[in-house]
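Understanding the architecture of this molecule
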Amino acid sequence: MKLLILDRDGVINHDSDAYIKSLEEWIPIPGSIEAIAQLSKAGWTVAVATNQSGIARGYYPLETLEAMHARLRALVAEQGGEVGLIVHCPHGPDEGCDCRKPKPGMLRTIAEHYQVPLTGVWFVGDSKGDLEAALAVDAQPVLVKTGKGERTLEKGVAKTTLIFDDLAAIARELI
Ligand SMILES: O=P(O)(O)OC[C@@H](O)[C@H]1O[C@@H](OP(=O)(O)O)[C@@H](O)[C@@H](O)[C@@H]1O
Ligand SMILES: [Mg+2]
Ligand SMILES: [Zn+2]
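Heads up: these notes are all about the structure in this document. (Residues numbered from 1 in each chain as written. Chains lettered and ligands numbered in written order. Predicted model: local features only at pLDDT ≥ 70, side-chain atom pairs only at ≥ 80, totals over all residues. Heavy atoms only, no water.)

Let's talk about helix α1 (residues 32-41)
In an α-helix, one turn spans 3.6 residues, which is why side chains three or four residues apart end up on the same side. Cut-off, in case you're wondering: The classification of residues rests on relative accessible area computed with a 1.4 Å probe and restricted to protein chains. Under 20% of the type maximum is buried, over 50% is exposed, and intermediate values are partly exposed. Secondary structure elements are defined from DSSP: runs of H or I of at least 4 residues count as helices, runs of E of at least 2 residues count as strands, and each element is numbered from the N terminus. Any two residues having at least one pair of non-hydrogen atoms within 4.5 Å are treated as being in contact.
Burial of α1 is extensive: 7 of the 10 residues sit out of reach of the surface. Inspection of α1 places S32, I33, A35, I36, A37, L39 and S40 among the buried residues, and these make up the whole buried set. Each element contacted by the buried residues of α1 is listed here: β1 (2-6), β2 (44-51), α3 (62-78) and α7 (167-174). Downstream of α1 by one or two residues, G43 has phi in the positive range, about 100 degrees.

Shown next, in the form of structure tokens:
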């Protein structure tokens, strides 16, 4: 199966250093919804692995996060595509969970859900923790320059990292 795993904030939607705290703040990056729809129509299963420490911090409830993901699914469905499994880590950085990136727990959850190995699976992110999570399970780290991607690139990334301007460029590469 063709599995592609995406980080959310900074890849699918704009990110903010103040967190994405409401449905109104959840704004797709231009071309990202179309890219997901095109990829899924081309036979790719597009899953999502997202840190959401804003829940642990009390910035927004789980219901708000679920409303954002319902909006994502609806927008992609309007273009004839579909979004696969969305996994989030609701924990704070000090809780020692196994799911918060850079730990690879969410990637493993997705791989187990689809019963596929993670080796070489593209995980697309904008932050260092995304790339580290990919490397931890021998997936392929892919950096986009949207969101925090430019900052991440400036800090240096593993030489095996693939780099694209945005999710639309990744769709053009894979389709
Ligand atoms: O990029 P993904 O994983 O989809 O989500 C990132 C968000 O959960 C937030 O993660 C926070 O990091 P801390 O969780 O505070 O370290 C900050 O980077 C925020 O700017 C960002 O919106
Ligand atoms: Mg991100
Ligand atoms: Zn967690």
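Here we look at the side chain of T45
With respect to the helices and strands, T45 occurs in strand β2. Taking relative accessible area as the criterion, T45 reaches 18% and is therefore assigned buried. Dropping the residues within four chain positions of it, T45 is found in contact with M1, K2, L3, L4 and Y114.

Comments concerning the pattern of salt bridges
Filter applied, for reference: What makes a salt bridge here is a side-chain nitrogen of Lys or Arg within 4 Å of a carboxyl oxygen of Asp or Glu, nothing more.
By the definition in use, this model includes 10 salt bridges. A salt bridge links K101 to D7, with the shortest nitrogen-to-oxygen separation between them at 2.7 Å. In this pair, K101 sits in the loop between β3 (86-89) and α4 (105-114) while D7 sits in the loop between β1 and α1, placing the two residues 94 residues apart along the sequence. Across the pair, D7 and K101 agree in class, each one buried.

By themselves, these are just geometric observations and shouldn't be taken as functional.
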